[in-house]
Amino acid sequence: MNRSAAGKHKTSSRYNKLKYGRVLLKISGELLGRPGALFDQKSISYIVDQIIAGRRLGARIALVIGAGNILRGRETGWLDKVDADTCGMTATIINGIILQSAMSAGGLECRISSGLRFDGIADRFSRRREVRFFDQGGIPVFVAGTGNPLFTTDTAAALRSIELGVDILIKATKVDGVFSADPAKHRDAVFYRRLSFREAISKKLGVMDLTAFNICREHGLPIYVYNLMKFSLVKVLTGKPVGTLVSNGGKINDR
């Protein structure tokens, strides 16, 4: 076998290990910082390493970043709601620049795509351009949410997932998955390994905000919720049970 053929076989072999080959990773802004600090270099480096490992396996990965480490619009009751959300969207741009810088330093090809016009820093979102970039192996970093106030970054993640045609939306948090109640406050909270969209709604589990959740349900896009800081992204990509899968039921992309 010549070197070119061997290289193709090796790439194909890596890709066959994946259960989800095209994913959108929604990263909570809180994961970029730590108590008392907006940003934590170790946490950011760890996140980048997870993405590098996923790309080495052959996965296509896109990112949507939140701004919980800087500002949460819904928690600024003293500020006009629209202004607060605009501040929150702007804060995601800061997080996106930091992640892009760290990923570029790690050898990843990435670029920022913004829901808001931000000339000189980020290109305004263009579906055709981002799909092409994504299909070619680049990592689009989506910031500024949908570009509209009153919509969360969860909704932006759901929209971008549909637009890119991903296999699954992965919500990376500091919690192991979906529970019947807040596990930090309720020791008897029940952990769910799998849920249907209908069950999640009937149990009022708050997997994502309702708009985002309904977009995923209507398009049959599964959601995976897991603890990024505890489990590797590769485990999720290869189908290891490390979090909670929410779907319309049935087998999903089993290989």
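Everything below is about the structure printed above this text.
Treat the numbers as computed from the prediction; the structure is a model and nothing was measured.

A. Spatial organisation of the overall build of the protein. Scanning the protein for helices and strands turns up eight helices and 11 strands. Its C-alpha atoms give the protein a radius of gyration of 18 Å, within 12% of the compact-globule value 18 Å for 255 residues. Taken along the three principal axes of its C-alpha coordinates, the protein extends 65 × 45 × 35 Å. Evaluated residue by residue, the protein yields a buried proportion of 47% over its 255 residues. In the protein, once contacts between residues fewer than 6 apart in sequence are set aside, the share between residues at least 24 apart is 72%. A total accessible area of about 12,900 Å² is found for the protein, and carbon and sulfur atoms account for 50% of it.

B. Seen up close, the pairing of strand β3 (residues 110–114). Across the five residues of β3, four count as buried, placing the element largely inside the fold. Inspection of the sheet shows β3 paired to strand β5 (residues 139–143) by five bridges, in the parallel sense. Note that in β5 the partner of Ser113 across the bridge is Phe142. Across two bridges, the pairing between β3 and strand β4 (residues 123–124) is parallel. Bridge assignment links Ser113 to a residue of β4, and that residue is Asp123.

C. Here's a closer look at the nonpolar core. Counting residues in each nonpolar core, the largest one holds 41 residues, and the members touching the most others are Leu25, Ile51, Leu63, Met103, Ile170 and Tyr226. When residues in this core are grouped by element, the largest group, five residues, is from helix α2 (residues 41–56). With 26 residues, the next largest nonpolar core counts Val178, Tyr192, Phe197 and Phe213 among its residues.

D. Local environment of the packing of α2 against helix α3 (residues 81–105). Taken N-terminus to C-terminus, the directions of α2 and α3 make an angle of 60°; their axes are 10 Å apart at the nearest point. Taken together, the axis directions place α2 and α3 in an arrangement best described as oblique. The two elements α2 and α3 cross, and the hand of that crossing is right-handed. Listed contacts from α3 to Ile44, Ile47, Val48 and Ile51 of α2 are Ile98, Leu99, Ala102 and Met103.

E. Spatial organisation of the side chain of Asp209. The residue Asp209 is located in the loop between α6 (197–202) and α7 (210–218) in this model. The side chain of Asp209 sits in the buried core without any salt bridge; Lys171 is the nearest counter-charge, 7.2 Å away. Of note is the side chain of Asp209, whose polar atom sits 2.3 Å from the side chain of Thr152. A distance of 3.1 Å separates the side chain of Asp209 from the backbone nitrogen of Ala212, its partner in a polar contact. Once residues lying within four places of it in the same chain are set aside, the contact partners of Asp209 are Thr152, Asp154 and Thr155.

F. Layout of the environment of Lys17. When you line up the elements, Lys17 lands in the loop between α1 (3–15) and β1 (22–27). Here Lys17 falls in the exposed class, since its relative accessible area comes to 53%. With 101 residues separating them in the primary sequence, Lys17 and Phe118 have C-alpha atoms 39 Å apart. Sequence-distant contacts of Lys17, defined by excluding residues within four places in its chain, comprise Leu57 and Thr238.

G. Structural detail: the packing of aromatic side chains. Per the counting criterion, the structure on display carries four aromatic pairs. Look at Phe125 and Phe142: their rings are 5.7 Å apart centre to centre, the planes differ by 70°, and that puts the pair in the edge-to-face class. Of this pair, Phe125 sits in the loop between β4 and α4 (127–135) while Phe142 sits in strand β5, and the two are 17 residues apart along the sequence. Summarising the aromatic geometry, the rings of Phe197 and Phe213 are spaced 5.1 Å apart at their centres and angled 75° between planes, so their arrangement reads as edge-to-face. Here Phe197 is found in helix α6, whereas its partner Phe213 is found in helix α7, with 16 residues between them in sequence. We note that Phe197, like Phe213, is buried. Lying across the ring of Phe133, Arg111 places its NZ or CZ 4.1 Å from the centre.

H. The arrangement of α4 in detail. Buried within α4 we find Glu130, Phe133 and Phe134. Angularly, the buried residues of α4 cover 100° about the axis, an arc narrow enough to put them on a single face. On its buried face, α4 is in contact with β1, β2 (60–65), β3, β5 and α5 (153–164). Remark: Gly137 follows α4 within two positions and exhibits a positive phi of approximately 100°.

About the thresholds
- Residues numbered from 1 in each chain as written.
- Predicted model: local features only at pLDDT ≥ 70, side-chain atom pairs only at ≥ 80, totals over all residues.
- Heavy atoms only, no water.
- Helix = DSSP H or I, 4+ residues; strand = E, 2+ residues; numbered from the N terminus.
- Rg over C-alpha atoms; globule rule 2.2 N^0.38 Å.
- Buried < 20%, exposed > 50% of the residue type's maximum accessible area, 1.4 Å probe, protein only.
- Contact = heavy atoms within 4.5 Å.
- Areas by Shrake-Rupley, 256 points an atom, 1.4 Å probe, with all protein chains shown as cover.
- Pairing = 2+ DSSP bridges.
- Core = buried A, V, L, I, M, F, W, Y, C linked by side-chain atoms within 4.5 Å.
- Axes fitted to C-alpha atoms, helices over the stretch in contact; angles between N-to-C directions.
- Parallel < 35°, antiparallel > 145°, perpendicular 65-115°, else oblique.
- Left-handed = near helix turned anticlockwise from the far one by under 90°.
- Lys, Arg positive; Asp, Glu negative; His and termini not counted.
- Salt bridge = Lys/Arg side-chain N within 4 Å of Asp/Glu carboxyl O.
- Polar contact = N/O pair within 3.5 Å; in protein donor to acceptor, adjacent residues only side chain to side chain.
- Phe/Tyr/Trp six-rings, centres within 6.5 Å; stacked < 30°, edge-to-face > 60°.
- Lys NZ or Arg CZ within 6 Å of the ring centre and 35° of its normal.
- Arc of directions from axis to C-beta.

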